[in-house]
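Remarks on the overall topology
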Amino acid sequence: MPGPDPQPPAGAGARTRRGDWLAFAVVAAAYAIVATHQATLTGVYMDEVNPDYLVVRLLNWTGPPVPAWVLPGNYLLDRFPVLVSLQHGTQSLWLGLPAFWLLGTTVAALRFTHALFALAVLAALYALLGRSGVRRWWAVAACVALAIDPTFVYAFRTQNYITTAPAAWLLLSLYALQRARADAGRARAWLAASGLFHGLAFAGYFVYLFVAPAVALAVVAWAAPGATGRQRLARLARLAWWGGGFGAGALPYVVGYALLLESQGGLASGWAYIVSTQATLGNAIPVTTLQQRYAHFEMILGQVFGNAANHWPMFGAPGFVPGAGAKTALLLALPPLLWVVAEIRRRAPPMLRLLLGMQVAFAAGALLFGGRLSGHHYMPLVPLAYAALAVAAAALLADRDATGGRRWLVAVPFALLLGLNAAGSAGEAATLRRTGGIGLYSDAINAFAADLVRERPRDVVFLPDWGLLMPVAFLTGGKVELVSLVEEWNRAAAAASAGDGQEVPTLTLTQEAIDGNVVYDLQTSAGSGLAHFLFIDGYLVVGPSRALLVEAVAQRAAGVTLIASSAFLDLLPHDGQAHYSGLVYQNL
């Protein structure tokens, strides 16, 4: 932990550790203020409860089934999910299960549970910084700056929480690696723990695999100080211990992919499924050349560190926090510069090299995937950037005779970050309070779920999008029957076919990314197309062909809309009382 003397007097170690965690209470208090404020803000977005919404099946055993967005074969007994998609599992659901069991499936419980995930990231970062030689109050400053960073804070109000929360495992992996380097007698155990934590991060979301090569290289390169000859673990043996732990942490992928292959009937058909679904990964922006990939990488970096990656799903429009460019420079450009200074002075700590190497390794993975990655995939870089800045600053202050001017020089970037982050978080909160969010993020979902539980209507309510179904399933606690129309039809068709022996066609719903939009196709088992539809800007667009859908979206983007049609406007009432719930208009 931060700041212990190399040879402390008797009893000093316990006092130092106690002081370290008392200092961390400042970080916890800062985030508690932020989290409490967040609990008063409105809205539950689809992926803020994905996969957490499936917890209702575990807590409400007598309730009706809940449609599950999971990989084929990965919803065991219609209750126990394994992998949600090819890219991530259900880690947040299982980790949050005790809190949801105690507090229920309410907005307050959701906010509290996700706040615990965020606090785990902050605690892991603080522990890593202390083990890396960062002095206590500098570690506190770095953690507080992250705790109020709008990119970090609002990640837990959008889909970005599923990529941010596993950072706690990654930081713990680095902490354990530091312990393995310092403790030759228990190096194997710490190496295995480091690998296990990194494997758990990878199980949380696949992008944590991007930094694994850099960590594996450090495992091989780092040796315990003072260990020589037979006392030093063989390099390959060190990697084997780390790799074994990594494999144990990544077991959910092994199980989930095995279940997928079994459900598809074997390796060949399973691989065909995997290939066919890759088109819908992330944005699916066609970037081919290295220049295009780098331009996309640079754009997403700016969106993430400028909080636009959170702003868009909350408000439906691009938006950057004040001073986004300066903040990005402080977190991504300053640490490498300080590293160069430390190398020249021969005081560069190994952890600083590793943290920067992990960022380079992540960039290589991101460039490989190109436009298939979007903002939420880049979220792991945020806590890594704060860790790199703190360790780099500590290297600058490593001399016992460090001048006061040097300390002030280090204090400036942290002060700037604290100010920019406080202003950015306050601004986003004010906008959310004023607007209530846009589209699916509106608190209308909260009210709708409450009405369903209170009224228990006999009417059929159509939820056209997973963004409505997931929050409704979570907030109603699984007490309201929700069914997939396709699954319900197929279940009835199977029963009818078995009853009278006459085969009734079943339905299939497939999807494909076309020009940046996901187009859904509803077909019968005989191959007959029934409908094609897509969702854009809160609208459900249905058409007889994909081509017509794509053309309709393109024309709307070009300004060809009903509002601009004089023929349409002439048909509306002329007294200004154009009140209706729906209309049918045809112009062939």
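Scroll up to find the structure this text is about.
Report on the accompanying structure. Within each chain, residue numbers correspond to sequence positions counted from 1 in written order. The model is predicted, so local features are restricted to residues of pLDDT at least 70 and side-chain atom pairs to those at 80 or more, both for listing and for counting; the totals for chains, interfaces and linings are taken over all residues. As a rule here, side-chain values come from all non-hydrogen atoms in the structure, and water together with hydrogens is ignored.

With that settled, consider the environment of W21. Looking at where W21 falls in the secondary structure, it is placed in helix α1 (residues 12-39). Here the alpha-carbon distance between W21 and R136, two residues 115 residues apart in the chain, equals 9.5 Å. Only DSSP runs of H or I reaching four residues or more are called helices, and only runs of E reaching two or more are called strands; each is numbered from the N terminus.

A word on the layout of surface pockets. The rule is simple: put a 1 Å grid over the protein atoms alone, call a set of points where a 1.4 Å probe fits but cannot get out a cavity, call an open set with protein on both sides within 12 Å along at least five of seven lines a pocket, and count a residue as lining if it has an atom within 4 Å of a point. Grid points are joined across faces, edges and corners, and a volume is the space filled by probe spheres set on the points. Of the volumes computed, that of the second largest pocket is approximately 1,200 Å³. In this structure, the second largest pocket is lined by 29 residues; those nearest its centre are A552, V560, T561, L562 and Y585. Going through the elements one at a time, β6 (539-543), α23 (546-557) and α24 (566-569) are the ones with two or more residues in the lining of the second largest pocket. Considering every element that reaches the lining of the second largest pocket, the biggest residue donor is α23, with 7 residues. Residues of the lining of the second largest pocket, tallied by class, amount to 18 nonpolar, 9 polar and 2 charged. Only Asp, Glu, Lys and Arg are considered charged, only Ala, Val, Leu, Ile, Met, Phe, Trp, Tyr, Cys and Pro nonpolar, and every remaining residue, Gly among them, polar.

This paragraph deals with empty space enclosed by the protein. One pass over the full model with this rule turns up 3 cavities of 30 Å³ or more. In this model, the largest cavity occupies a volume close to 70 Å³. Along its surface, the largest cavity is lined by Y31, A35, Q38, R111, H114, A115, V153, F156 and R157. For the lining of the largest cavity, the elements supplying multiple residues, two or more each, are α1 and α4 (107-131). For the lining of the largest cavity, the per-class residue count stands at 5 nonpolar, 2 polar and 2 charged.

Looking now at the nonpolar core. By nonpolar core we mean a set of buried residues, namely Ala, Val, Leu, Ile, Met, Phe, Trp, Tyr and Cys, connected to one another through side-chain atoms within 4.5 Å. Residue exposure (1.4 Å probe, protein chains only): buried if accessible area is under 20% of the type maximum, exposed if over 50%, otherwise partly exposed. Residues Y31, L129, L354, M358 and Y378 are the most contacted members of the largest nonpolar core, which totals 121 residues. Per-element accounting of this core gives the leading share, 14 residues, to helix α18 (residues 381-396). Contacts are residue-level and defined by heavy atoms, with any inter-residue pair within 4.5 Å sufficient. With residues up to four places along the chain from it excluded, the contact list for L129 reads V134, A139, A142, C143, A387, A390 and V391. Grouped together as the second largest cluster of nonpolar side chains are 26 residues, V66, L110, V480 and L482 included.

Turning our attention to the packing of aromatic side chains. Centres within 6.5 Å make a pair out of two Phe, Tyr or Trp rings, where for Trp the six-membered ring is used; the pair is then stacked when the planes are under 30 degrees apart, edge-to-face when over 60, and tilted otherwise. For the structure shown, the criterion picks out 20 aromatic pairs. Ring centres of F202 and F246 lie 5.7 Å apart, and the angle between their planes is 15°; this geometry places the pair in the stacked category. Note that F202 is positioned in helix α9 (residues 187-204) and F246 in helix α11 (residues 235-249), a separation of 44 residues in sequence. Exposure remark for F202: the relative accessible area of 13% places this residue in the buried category. Overall, the relative accessible area of 14% leaves F246 in the buried class. Here the aromatic rings of F297 and Y378 are separated by 5.7 Å at their centres, their planes lie at 40°, and the arrangement is tilted. Of this pair, F297 sits in helix α14 (residues 290-305) while Y378 sits in the loop between α17 (350-369) and α18, and the two are 81 residues apart along the sequence. Both residues of the pair, F297 and Y378, belong to the buried class. By way of ring pairs, the aromatic residues Y205, F206, F210, Y294, F297, F362, F369 and Y378 are connected into one cluster. Here, over-ring charges are defined by two tests on the NZ atom of lysine or the CZ atom of arginine: distance to the ring centre within 6 Å, and angle to the ring normal within 35 degrees. R181 extends its terminal NZ or CZ atom over the ring of W222, reaching a point 5.6 Å from the ring centre.

Tracing the sequence through the fold places N307 in the loop between α14 and α15 (308-315). Its relative accessible area of 0% is what places N307 among the buried residues.

Before going further, it helps to examine a nonpolar patch on the surface. On the surface, a cluster of nonpolar side chains totalling about 640 Å² of accessible area is made up of L59, W101, L102, L103, F112 and L116. Every element with two or more residues in the nonpolar patch is listed here: α3 (91-103) and α4. Considering every element that reaches the nonpolar patch, the biggest residue donor is α3, with 3 residues. Topologically, F112 is positioned in helix α4. Taking the relative accessible area as the measure of exposure, F112 reaches 43% and is therefore partly exposed. Residues with no salt bridge and a relative accessible area higher than 30% make up the patches, which join like charges within 9 Å and nonpolar side chains (Val, Leu, Ile, Met, Phe, Trp, Tyr) within 5 Å. Shrake-Rupley sampling with a 1.4 Å probe provides the accessible areas, and residues are treated as covered by the protein chains on show and by no other component. In what follows, salt bridge is the name for a side-chain nitrogen of Lys or Arg lying within 4 Å of a carboxyl oxygen of Asp or Glu.

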